[in-house]
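Here is what each chain is made of, one letter per residue.
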Amino acid sequence: MRLILLGPPGAGKGTQATRLTEKYGIPQLSTGDMLRAAVKAQTPIGLKARAVMESGALVSDEIVVGIIADRIEEPDAHNGFILDGFPRTVAQAEALDALLARKHIRIDAAIELVVDAPKLIARIVNRAAQAQAAGHAVRKDDDPEVFKTRLEAYFRDTAAVTPHYRAKGLLREVDGMAGIGAVSKAIDAILASAS
Ligand code: AMP
């Protein structure tokens, strides 16, 4: 099973990807997680990406395509994977198409979690407040102002990725404002008919 999860930041892609990882025994390839690990380890990529990420803007296509190209080669991704947070631009989607074509593999479905922006901001403000109340560190990019920049980047650059997969007949839309259980059910129904 090779899946792409699409949708704005805070839509629940990470939650669904984690669940699907367990269900299908395939890894979640989250460029956000990989970049955060690179920042923490202060690798050359991490050093380059840090300020961009903290501002809520997108890291360069070249960096993220390179990260994904390497990650897809790892043995645990041979039988499938869930892409979470990638591709985020049409150029990334085209680079992924070329990468997969070279490997003679195909995506089974691109699932978009459809959400509305004002509700999303409320959700993220809540997430930051809960983390703070529990004594956890709040992700710098979950700061409400930075989150707005991330949403703007989404609507400016990433929303155009959806038509890319629609044109290929791979796009499936799910109501991302429903509860986690309902979203899970809707995704499972789609995957049951895709496999
Ligand atoms: P995420 O956890 O997926 O919301 O990603 C956190 C941040 O990492 C984003 O706001 C971007 O700065 C960066 N990032 C993650 N994935 C990508 C991507 N595919 N293209 C560009 N930047 C990315």
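Scroll up for the structure.
Residues numbered from 1 in each chain as written. Predicted model: local features only at pLDDT ≥ 70, side-chain atom pairs only at ≥ 80, totals over all residues. Heavy atoms only, no water.

Novice: Describe the side chain of Arg150, naming the residues involved and giving the relevant values.
Specialist: Mapped onto the fold, Arg150 is located in helix α7 (residues 144-158). Look past the residues within four positions of Arg150 in its chain and what remains in contact with it is Pro9, Gly56, Arg139, Asp141 and Asp142. (Helix = DSSP H or I, 4+ residues; strand = E, 2+ residues; numbered from the N terminus. Contact = heavy atoms within 4.5 Å.)

Novice: Hey, could you go over helix α2 (residues 31-41) for me, with residue numbers and the actual values?
Specialist: All buried positions along α2 are accounted for by Thr31, Gly32, Leu35 and Ala38. What you see down the axis of α2 is that its buried residues fit within an arc of 125°, all on one side. Residues of α2 that are exposed and angled more than 90 degrees away from the buried face: Lys40 and Ala41. Against β2 (28-30), α3 (44-55), α4 (61-72) and β3 (81-84) lie the buried residues of α2. (Buried < 20%, exposed > 50% of the residue type's maximum accessible area, 1.4 Å probe, protein only. Arc of directions from axis to C-beta.)

Novice: Summarise unusual backbone geometry; cite the residues concerned and give the values.
Specialist: Residues other than glycine predominantly adopt negative phi, and peptide bonds predominantly adopt the trans conformation. Residue Pro87 follows Phe86 across a cis peptide bond; omega there is 0°. Take Pro87: it is sitting in the loop between β3 and α5 (90-102). Located in the positive-phi region is Gln42, a residue other than glycine, with phi close to 55°. Looking at the element boundaries, Gln42 is found in the loop between α2 and α3.

Novice: If you had to explain the site of the ligand to someone new, which residues and values would you point to?
Specialist: Taken together, 16 residues sit near the ligand, with Thr31, Ala57, Gly85, Gln92 and Arg150 positioned nearest. Between a nitrogen atom of the ligand and a side-chain N or O atom of Thr31, the distance comes to 2.8 Å. Contacts to the ligand include Gln92, whose side-chain N or O atom sits 2.9 Å from a nitrogen atom. When isolated, the ligand has an accessible area of 480 Å², and the protein chains bury 96% of it. Among the elements that take part in the shell around the ligand, α2 stands out by supplying four residues, more than any other. Of the residues in the shell around the ligand, the class split is seven nonpolar, four polar and five charged. (Near = heavy atom within 4 Å. Polar contact = N/O pair within 3.5 Å; in protein donor to acceptor, adjacent residues only side chain to side chain. Areas by Shrake-Rupley, 256 points an atom, 1.4 Å probe, with all protein chains shown as cover. Nonpolar A, V, L, I, M, F, W, Y, C, P; charged D, E, K, R; others polar.)

Novice: Describe the sheet that holds strand β4 (residues 109-114), with residues and values.
Specialist: Two pairing modes exist for strands in a sheet, parallel and antiparallel, and in both the strands are linked by backbone hydrogen bonds. With respect to topology, five strands assemble into an open sheet ordered β2-β3-β1-β4-β5, the strand pairing being parallel. The strands lining the two open edges of the sheet, one partner per strand, are β2 and β5 (171-175). Within the sheet, the average angular offset between the axes of one strand and its neighbour, ignoring direction, is 25°. In the sheet, β2 pairs with β3 via three bridges, with the strands oriented parallel. Across the sheet, residue Gln28 finds its bridge partner in β3, namely Ile82. (Pairing = 2+ DSSP bridges. Axes fitted to C-alpha atoms, helices over the stretch in contact; angles between N-to-C directions.)

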